[in-house]
Amino acid sequence: MVVPQVFSRLMVLWPVLYTFKGTHTSLGLPLLLVAWSVTEVIRYSFYFLNILKQVPHILTFLRYTLFIVLYPVGVTGELLCVYAAFPDAARTRVYSITFPNALNFSFDFYYALIIFVLLYIPCFPMLYMHMFALRHKVLGNTQKKRE
Amino acid sequence: PGTHWREVMEIEKLDIYNAKSGKFVTSLYGLKSTSTILDVKKSVQQQKTVLHPGRQEVRLEQKGKSLQDSDVLQKLGIRSDSKLYVKDLGPQIGWKTVFFAEYAGPMLLYLWIYQRPWLFYGDKGHSSPISLCTHIAAGCWTFHYAKRLLETQFVHRFSHGTMPLFNLFKNCTYYWGFTAYVAYHVNHPLFTPPSNLQLYAALAAFLLCEFGNFSIHMALRNLRPPGSKERKIPYPDSNPMTQLFNAVSCPNYTYEFGSWVAFTVMTQCLPAGMFALAGFYQMAVWALGKHRSYKKDFKNYPQRKAILPFLL
């Protein structure tokens, strides 16, 4: 759950945003910045207060509710930024290894980006549904406790 | 058959619980002491039509072992008002279908890419002759998967008739994906073969390991006569390749890993190495589980490692 999220963020940040300045004018950039920032502020506040066992219910509620909007917004932002990098990636063939070489290995960064985008198709629904299940488990319980 | 001559008793009510949630599902009526677990499964299906027997796993305890279809209720100590747990194994698919998809697929896909189709290589596909190494690699790949298909048909004995449908997609993605990845590189017009010495030495190692793997499959087949449920510790037989049983619990996986290492050295191809490592990781997980299970079942289990002699 955490690994795909961290991996996708690192992919979008360094090989895409940092490498291709052309992506900075994409609509995706403000989208993902807002989504990531809001999520992280809430998430880390939650973790910190959790250590002290002082998490106010409103924070738990926000953590398990805002994702409903922030996840799709963030994913849209990420995909738009990567898409904006396609033309430059195809043209410059940066980060790629070509034939021939001693280890008969090749890596085409442009195709790696395409596969990365395609992976969102199975991964996003899985992670999104997982968050809903967590939400049901965590928020469902506190409601019962109140009753 | 096999039960005492006595009155067949009615089992008026049998309570079925969901193995995953522990919750009560339904009660079954009209079973007998001579009924089998398969009868129980059929009865469950009458109430929950989507659960055909192949999709059910019946247990005495919520997290207990699976019972066999042929087990008789009386022998299991089940009477009226007894509890049984049922697990839904999800949509199932026949294993023969799976193996065709998992083994025939990679074999044919590799042979297609071996032709250097335009889809993968564009116009430059035929810009250079195919090296001897590439020919031999195609032969080895085909041999490996053809052997697997034949073993599936004639050698292996399967404990379950079906497997979960999701596994089909997961396994096929793995097999087909890696096949395309390895095949693309080995059959590339700019592929650089290693020296002939390396090629032939690795080919010999590959064939030896394939034979070793086959020897272990035969030994395992002979370990349990058909129909018996007896579990036995595997030991070397007259085939010298089976001596590896003295060092590891799962020498079939050891030999398989050996084959793929040999294939990697034969082609000096990093993607092939990645495929070997991925396969090794999965087989190590299986071997460690099997090894643990042997040690649990047999107090006198000999000193062995799971998959790598002396190491793992």
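The model shown is predicted, which means the values in this text are computed figures rather than measured ones.

What about the overall build of chain A?
Tallying secondary structure elements over chain A gives 5 helices and 0 strands in all. Scaling as 2.2 N^0.38, a compact globule of 147 residues should have a C-alpha radius of gyration of about 15 Å, whereas chain A reaches 19 Å, well beyond that. For chain A, the spread of C-alpha atoms along the principal axes amounts to about 70 × 35 × 25 Å. The 147 residues of chain A split such that 35% are buried. Considering only residue pairs separated by 6 or more positions, chain A has 74% of its internal contacts joining residues 24 or more positions apart.

Re the sheet that holds strand β3 (residues 56-59) of chain B
Residues and elements named next belong to chain B. Taken together, 4 strands build an open sheet; the order of strands is β2-β1-β4-β3 and the sheet is mixed. Each edge of the sheet is formed by a strand with only one pairing partner; in this case those strands are β2 (24-32) and β3. Direction aside, neighbouring strands of the sheet carry axes that sit 30° apart on average. Summarising the sheet, strand β1 (residues 10-18) and β2 pair through 7 bridges and their orientation is antiparallel. For Leu14, the partnering residue across the bridge sits in β2 and is Leu28. The strands that helix α1 (residues 37-47) touches are β1, β2, β3 and β4 (83-88); relative to β2, the one it contacts most, it runs at about 125°.

Remarks on the pairing of β1 of chain B
Residue and element names in this part refer to chain B. Connecting β1 to the next strand, β2, in antiparallel fashion are 5 residues, including Gly22 with a positive phi near 80°. Both β1 and β4 contribute to a ladder of 4 bridges, which runs parallel. Looking at the pairing, Asn18 lines up with Val86 of β4.

Overview of the nonpolar core
Residues and elements named next belong to chain B. Counting 43 residues, the largest nonpolar core has Tyr110, Trp141, Tyr145, Phe263 and Met266 as the members making the most contacts within it. When residues of this core are traced back to their parent elements, those giving at least two are α2 (95-114), α4 (132-154), α5 (165-186), α6 (196-223), α7 (251-267) and α8 (270-297). Setting aside residues up to four positions removed in sequence, Tyr145 forms contacts with Glu102, Tyr103, Pro106, Met107, Tyr175, Trp260 and Phe275.

Some thoughts on the environment of Leu118 of chain A
All names here are of chain A. Looking at the secondary structure, you find Leu118 in helix α5 (residues 109-146). For Leu118, a relative accessible area of 49% puts it in the partly exposed group. Here the alpha-carbon distance between Leu118 and Gly22, two residues 96 residues apart in the chain, equals 22 Å.

Examining the pattern of salt bridges
If the charged atoms of two oppositely charged side chains come close together, the side chains can form a pair. Residues and elements named next belong to chain A. Tallied over the entire structure, the rule returns 12 salt bridges over all chains. As a salt-bridge pair, Asp88 and Arg91 come within 2.7 Å of each other at their nearest N and O atoms. Of this pair, Asp88 and Arg91 both sit in helix α4 (residues 67-92), 3 residues apart, roughly one helical turn. Overlapping salt bridges, with partners in common, bring together Arg9, Glu40 and Arg43 in one network.

How each quantity is defined
- Residues numbered from 1 in each chain as written.
- Chains lettered and ligands numbered in written order.
- Predicted model: local features only at pLDDT ≥ 70, side-chain atom pairs only at ≥ 80, totals over all residues.
- Heavy atoms only, no water.
- Helix = DSSP H or I, 4+ residues; strand = E, 2+ residues; numbered from the N terminus.
- Rg over C-alpha atoms; globule rule 2.2 N^0.38 Å.
- Buried < 20%, exposed > 50% of the residue type's maximum accessible area, 1.4 Å probe, protein only.
- Contact = heavy atoms within 4.5 Å.
- Pairing = 2+ DSSP bridges.
- Axes fitted to C-alpha atoms, helices over the stretch in contact; angles between N-to-C directions.
- Core = buried A, V, L, I, M, F, W, Y, C linked by side-chain atoms within 4.5 Å.
- Salt bridge = Lys/Arg side-chain N within 4 Å of Asp/Glu carboxyl O.

Geometry only, nothing functional implied.
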